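Spelled out, the chains give:
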Amino acid sequence: MSRISKNSSKNSRIILTSKEKSELIIEGIVTVILLILLNIVVIALSRLVIDDSIVMKNLIFGIKEVLVKTFFNNSFYSLKNVALIFMIIFDFIVLYWRLIRRYRQMQLRHIISELHYIANGNYDHRIPFEIGGDLGRVVESINGLVDSTVEAIEDERRIEKSKDELITNISHDIRTPLTSIIGYLGLIEEKKYSTHEELLKYTHTAYSKAKQMKLLVDDLFEYTKVRQSSTPLSIMTFDLGQLLDQLSVDFELDANKRSMKIEVNATPSPFIMEGDTEKLVRLFNNLISNGLKYGRNGTQICLSAEKIGKEAVIIVKNDGDPIPKEALSQLFDRFYRVEESRSQETGGTGLGLAIAQSIVVLHSGYIYATSDEKWTSFVIHLPLSQTA
């Protein structure tokens, strides 16, 4: 039996094998013989009953009289022809029903064969038959179920791959500072230092690496917390303009160290909306920190907010070096960094933007990034009200 993959757009009718055609012919012949025998039996019994019963004769004669007077046709005095026509019609109906029934069974046999073929792991295959009626709907349902199953399998594979990548990235990010901590503490333990200043250098390096590990653990905890759709939000009404102004003040010192300035523009003023301010502060902290760390050769970070319909559209942008187009679609993946060395010199755990996206999703919004020679922008859409 030929197989058609899911990529084939042509459906076909079921083609019976020579054996199945023979079965169908034999079924027809047997049915015809049985019907002939049944007709003979019916005719013989009818004659026997009529010949032995005067009441039946009178009843049949009365029916003939009614039919003749109704249709003004004397041919009704002989009911043999009428009875013969009815018997032939009945025989054809029975023969047709039996052949269709057997044909449906053969169709079902083909469908079951296709289903077994798919169940053996051939998930790129679909039942290709074009059938009407209930069997056609069954075929459509089976193909739909296979599509859903394949999609679920692919999702599971992506999840497993994501888990493996998560473990690999965590292992890398923890092992690097942990190796340094163990190394420098080992030197201290073995007293392999000559001066007090050298001892302080070792302890300072171990302390810095320990802080890096703590930052990673904190980000992992925050990431797993905000990734859960059941995470509760502490909704309150606040002024978004004031929140952005406060954030610009908090980052002013870091911006000055990098010869950058932070500008805020929110309209209208006051800009009243609802949300979990603690999580939103974390969101904007991550975006501003991202701009400061990776906006190389930039001079400013701009925070703007505008009401459009029932949404607040917030843009956090910097005029640093642009992000490559091929990296834009992966920015919000956990542990993804544009620079692939995963160097700690640039700071960060690779979770900041993933956390930011999760916080936006918790607020029923969405976020995306654009980048060109002038601006690298993170555009956030949040509903003004969270009551719904």
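These remarks concern the structure in this document. Each chain has its residues counted from 1, running along the sequence as written. Confidence filtering applies because this is a predicted model: local features only for residues at pLDDT of at least 70, side-chain atom pairs given and counted only at 80 or more, and all residues used for totals across whole chains, interfaces and linings. Hydrogens and water molecules were not included; the side-chain quantities draw on all heavy atoms of the structure.

Along the protein chain, the regular secondary structure elements total ten helices and seven strands. To sort residues, take the accessible area from a 1.4 Å probe on protein chains only and compare it with the maximum for the residue type: under 20% means buried, over 50% means exposed, and anything in between is partly exposed. The buried share of the protein chain, reckoned over its 388 residues, is 35%. A fraction of 70% describes how many contacts in the protein chain between residues 6 or more apart in sequence connect residues 24 or more apart. Roughly 24500 Å² of accessible area belongs to the protein chain as shown, and the carbon and sulfur atoms make up 59% of that amount. Starting at the N terminus, helices and strands are each numbered in turn, a helix being any DSSP run of H or I of at least four residues and a strand any DSSP run of E of at least two. Every residue pair with non-hydrogen atoms within 4.5 Å of one another is taken to be in contact. Note on areas: Shrake-Rupley with a 1.4 Å probe; residue coverage comes only from the protein chains shown.

Turning our attention to the nonpolar core. Side chains that are nonpolar tend, in soluble globular proteins, to be buried together. We call a set of buried residues a nonpolar core when its members are Ala, Val, Leu, Ile, Met, Phe, Trp, Tyr or Cys and they connect through side-chain atoms within 4.5 Å of each other. By size, the foremost hydrophobic cluster in this structure holds 49 residues, and its most contacted members are Leu240, Leu283, Phe284, Leu287 and Ile380. Broken down by element, the residue count for this core peaks at seven residues, all from helix α10 (residues 352-362). Setting aside residues up to four positions removed in sequence, Leu240 forms contacts with Phe271, Met273, Phe284, Ala305 and Ile314. Residues Met106, Ile127, Phe129 and Val150 belong to the second largest nonpolar core, which totals 13 residues.

If you trace the five strands from one edge of the open sheet to the other, you get β2-β4-β5-β7-β6, paired in mixed fashion. Strand pairing shows two members of the sheet lacking a second neighbour, β2 (261-267) and β6 (366-371), which therefore form its edges. Averaged over all pairs of adjacent strands, the angle between strand axes in this sheet comes to 15 degrees, irrespective of strand direction. Between any two strands, pairing holds if DSSP finds at least two bridges. The sheet contact formed by β2 and strand β4 (residues 300-308) spans seven bridges and is parallel. Residue pairing across strands places Thr267 opposite Glu306, the latter belonging to β4. Note on definitions: angles span 0 to 180 degrees between N-to-C directions of axes, and those axes are lines fitted to C-alpha atoms, for helices only across the stretch in contact.

Turning our attention to the packing of aromatic side chains. Stacked, edge-to-face and tilted are the three classes for Phe, Tyr and Trp ring pairs, Trp counted by its six-membered ring, which pair at centre distances within 6.5 Å; planes under 30 degrees apart are stacked, over 60 edge-to-face, the rest tilted. Per the stated rule, a full pass over the model turns up two aromatic pairs. Both rings, one in Tyr184 and one in Tyr202, keep their centres 5.4 Å apart while their planes meet at 45 degrees; by these two values the pair is tilted. Placement of Tyr184 in helix α4 (residues 133-189) and of Tyr202 in helix α5 (residues 196-227) is noted, with a sequence separation of 18 residues between them. Note on Tyr184: relative accessible area 25%, which makes it partly exposed. Ring centres 6.4 Å apart and planes at 15 degrees place the aromatic pair Tyr366 and Tyr368 in the stacked group. Counted as over-ring charges are cases with an Arg CZ or a Lys NZ within 6 Å of the ring centre that also lie within 35 degrees of the ring normal. Across the ring face of Phe271, the terminal group of Lys307 is positioned such that the distance to the ring centre comes to 5.5 Å. When the ring centre of Trp375 is taken as origin, the NZ or CZ atom of Lys317, which lies over that ring, is 4.4 Å away.

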